[in-house]
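Listed below are the residues making up each chain.
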Amino acid sequence: MEVKDYGLSRVSGRVLDGPTNPMVTPLLTDLYQFTMAYAYWKAGKHQERAVFDLYFRKNPFGGEYTIFAGLEECIKFLANFKFTEDEISFVCESLAGSCEVVQLLETPLLNLVNYASLVATNAARHRFVAGKSKMLLEFGLRRAQGPDGGIGASKYSYIGGFDATSNVAAGKLFGIPLRGTHSHAFVSSYMSLDEIVEKSLRSSDGSSSCEDFVSLVQTWLNKIQWSNSLRNVFGETNQSELAAFTSYALAFPNNFLALVDTYDVMRSGIPNFCAVALALSDLGYKAVGIRLDSGDLAYLSFEARKFFCTIEKEFGVLGFEKMIITASNDLNEETLDALNKQGHEVDAFGIGTYLVTCFTQAALGCVFKLVEINNQPRIKLSEDVSKVSIPCKKRCYRLYGREGYPLVDIMTGENEPSPKVGERILCRHPFNESKRAYVVPQKVEELLKCYWPGSSGKAREDLPPLKDIRTRCIDQLELMRPDHMRRLNPTPYKVSVSAKLYDFIHFLWLNEAPVGELQ
Ligand SMILES: Nc1ncnc2c1ncn2[C@@H]1O[C@H](COP(=O)(O)OP(=O)(O)OP(=O)(O)O)[C@@H](O)[C@H]1O
Ligand SMILES: O=P(O)(O)OC[C@H]1O[C@H](OP(=O)(O)OP(=O)(O)O)[C@H](O)[C@@H]1O
Ligand SMILES: O=C(O)c1cccnc1
Ligand SMILES: [Mg+2]
């Protein structure tokens, strides 16, 4: 039975579904959030209006950008924030007390944003290296950190610029395009062409039927083998592989894509694939392409492309050379970069382990800090300057320069006037006195958008569809100056505060920090 329902899910007149993962409940938090909440309540502080900042201090992967992701799940979580009787009893048993709200949000909100932003950024970095024109497929479900890691990886890789996922559940949940190729097990499961019983295939326009597609494939393999340009290039191909390809083509004549590395890419996989693709072409079907999953992907992609060009010329099958070449096998930013440097003919990359596990950086360090209570700004000091929090409820803007690039982000106090186009504004490093710059923005973009005004009574705004979020992410990254984006030692992107906020931070700092005594 639900005993405490804040009625949030109906704030905008509509009921909002809960988080994608039903495990995301108010109990998905650290115990100390409950003890803190209880202590606030005991002290009579539970009605005080608090402002927290959720932010990270350092961009991941040695880069200069981070893609914020996870907001939708946070809003769904907040909108359905309620305790069941059973949950309350459990907390009371663990705590011997009662509790209050905002402190309880720290852990789940960080949980929902940290991995989401990390994997979206990881995906964007892979996209940056692969280039705009390549198709990027997320293949990581089998290697992801549990079911939620798998679903999250698919959703946020898509936001970060991947084109599709192999994860069917994510396709259904979020409408992400689904893609898949062909597996080794299917190829290995065949032993000979005799296993193919149903051999007939109707032509693509339905006007005729080929009664023995297997023989047609064999005829084509023979023709390729004895053609002028390919004579002596390969000998006997693996017949079990040929059987697997033929059988797969009979099942999916419109979507024939073959995994060609099970036995030998150039001596078997590619000639077998071409024989089946040419037989399909006779019946009006257009094969899709191949996947390479081992060996030197640059070299093999060149060789495969050459083979396709030869076939196109030799047999006059228009467009054959454009066959899609997909590559996979432990790909990551480094291997993509190496492939680019060597040159390659790959059109699509399937990326799993390194993408979804965020292999090069295990976590993003988002934190959640109190910056104001009862309209009183608060600060958290630290010996480590980068860990000093920036007090006050704030606004945040991106200032663009003459060449259209973002120059700097600036935070101001909530009630300060916003920066104006054409008006000079002083941007200051929050902690380093000597780092400051005047900026005359050509465009000002407010970055912090409030989807849920909360206590103001205004309705909750819908988030844009996932596809639009993805487009915005891709467009924003395109705007960045290239030196901020490069992989090795990128130029730091500046994040600043207004002069007024700078003065206030330092005033508060001096106020809160005890003066030492030397003896
Ligand atoms: N041209 C290339 N330049 C740089 N790295 C490459 C290139 N081609 C492939 N790679 C990478 O090299 C690694 C090759 O993996 P590995 O040494 O395990 O061999 P394999 O091809 O997977 O062999 P196996 O047939 O045993 O699966 C993969 O991580 C792959 O992404
Ligand atoms: O390599 P990843 O980036 O993780 O991408 C997914 C991999 O998963 C599949 O094979 P799997 O790794 O299961 O088997 P294999 O290594 O024997 O090919 C697929 O063939 C890819 O190689
Ligand atoms: O469709 C594929 O080729 C695929 C999907 C997941 C993992 N490896 C390959
Ligand atoms: Mg593998």
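Just above sits the structure.
Quick caveat, the model's predicted, so the values are computed rather than measured.

> So what exactly am I meant to see when it comes to the overall build of the protein here?
What the protein contains, in helices and strands, is 16 helices and 19 strands. Taken over the C-alpha atoms alone, the protein extends approximately 90 × 60 × 50 Å along its principal axes. For the protein, the proportion of its 519 residues judged to be buried stands at 48%. Taking as baseline every contact in the protein between residues at least 6 positions apart, the subset at least 24 positions apart corresponds to 72%. Surface exposure of the protein reaches about 26400 Å², of which carbon and sulfur atoms provide 53%.

> Help me out: how do you make sense of the pairing of strand E11 (residues 348–351) in this one?
Regular strands place side chains that alternate from one sheet face to the opposite one. The two faces of E11 match: Ala348 and Gly350 on one face and Phe349 and Ile351 on the other face are all buried. Of the pairings in the sheet, the one linking strand E4 (residues 135–138) to E11 comprises 4 bridges and is parallel in character. Residue leucine 137 lies in a different strand from E11, and its bridge partner there is glycine 350. The pairing of strand E10 (residues 324–327) with E11 spans 2 bridges and is parallel. Each residue of the ladder has a partner; that of threonine 326, found in E11, is alanine 348. Between the parallel elements E10 and E11, the chain passes through helix H12 (residues 333–342) in a crossover that is right-handed.

> Would you mind going over the side chain of glutamate 445 with me for this structure?
Its place among the elements puts glutamate 445 in strand E18 (residues 443–446). Overall, glutamate 445 belongs to the buried group, its relative accessible area being 15%. Within the structure, glutamate 445 has its side chain in polar contact with the side chain of tyrosine 400 (distance 2.6 Å). Residues in contact with glutamate 445, not counting those within four places in the same chain, are Cys396, Tyr397, Arg398, Tyr400, Arg472 and Gln476.

> Looking at this structure, how should I read the nonpolar core?
The nonpolar side chains of soluble globular proteins are, as a tendency, buried together. Core analysis: the biggest nonpolar cluster contains 109 residues, and Phe213, Phe256, Ile270, Phe273, Phe308 and Phe349 have the highest contact counts within it. Broken down by element, this core gets its largest block of residues, 12 residues, from helix H4 (residues 106–130). Leave out the neighbours within four places in its chain, and phenylalanine 308 touches Ile270, Phe273, Cys274, Ile290, Phe320, Glu321, Met323 and Ile325. Core analysis: the second largest hydrophobic core is formed by 12 residues, Cys396, Leu501, Tyr502 and Leu508 among them.

> Got a minute to help me understand the site of ligand 1 in this structure?
Neighbouring ligand 1 are the residues Ser294, Gly295, Asp296, Leu297, Ala298, Asn329, Asp330, Leu331, Thr335, Ala338, Leu339 and Gln342. Here a nitrogen atom of ligand 1 sits 2.9 Å away from a polar atom, N or O, in the main chain of leucine 297. The separation between an oxygen atom of ligand 1 and a polar main-chain atom of asparagine 329 is 2.6 Å. For ligand 1, the protein covers 53% of the area, taking 650 Å² as the surface of the free molecule.

> Which parts of the structure should I look at to understand the sheet that holds strand E12 (residues 367–373)?
Two pairing modes exist for strands in a sheet, parallel and antiparallel, and in both the strands are linked by backbone hydrogen bonds. Across the sheet, 3 strands lie side by side as E2-E12-E13; this open sheet has antiparallel pairing. If you trace the sheet from one side to the other, it starts and ends with strand E2 (50–55) and strand E13 (376–377), each paired once. Pairing analysis gives 2 bridges linking E12 to E13, with the strands arranged antiparallel. When the bridges of E13 are listed, glutamate 372 appears paired with proline 377. Contacting E2 and E12, H4 runs over the sheet at an angle of about 130 degrees to E12.

> Explanation requested: the site of ligand 3 in the structure shown.
The immediate surroundings of ligand 3 are formed by Phe139, Arg142, Ser166, Gly180, Thr181, His182 and Arg291. For ligand 3, an oxygen atom lies 2.3 Å from a polar atom in the side chain of threonine 181. Arginine 291 has a polar side-chain atom sitting 3.3 Å from an oxygen atom of ligand 3. For ligand 3, the protein covers 81% of the area, taking 260 Å² as the surface of the free molecule. Partitioning the shell around ligand 3 into residue classes produces 1 nonpolar, 4 polar and 2 charged.

Reading the values: the criteria
Residues numbered from 1 in each chain as written. Chains lettered and ligands numbered in written order. Predicted model: local features only at pLDDT ≥ 70, side-chain atom pairs only at ≥ 80, totals over all residues. Heavy atoms only, no water. Helix = DSSP H or I, 4+ residues; strand = E, 2+ residues; numbered from the N terminus. Buried < 20%, exposed > 50% of the residue type's maximum accessible area, 1.4 Å probe, protein only. Contact = heavy atoms within 4.5 Å. Areas by Shrake-Rupley, 256 points an atom, 1.4 Å probe, with all protein chains shown as cover. Pairing = 2+ DSSP bridges. Right-handed = clockwise from strand over helix to strand, strands pointing away. Polar contact = N/O pair within 3.5 Å; in protein donor to acceptor, adjacent residues only side chain to side chain. Core = buried A, V, L, I, M, F, W, Y, C linked by side-chain atoms within 4.5 Å. Near = heavy atom within 4 Å. Axes fitted to C-alpha atoms, helices over the stretch in contact; angles between N-to-C directions. Nonpolar A, V, L, I, M, F, W, Y, C, P; charged D, E, K, R; others polar.

None of this, on its own, says anything about what the molecule does.
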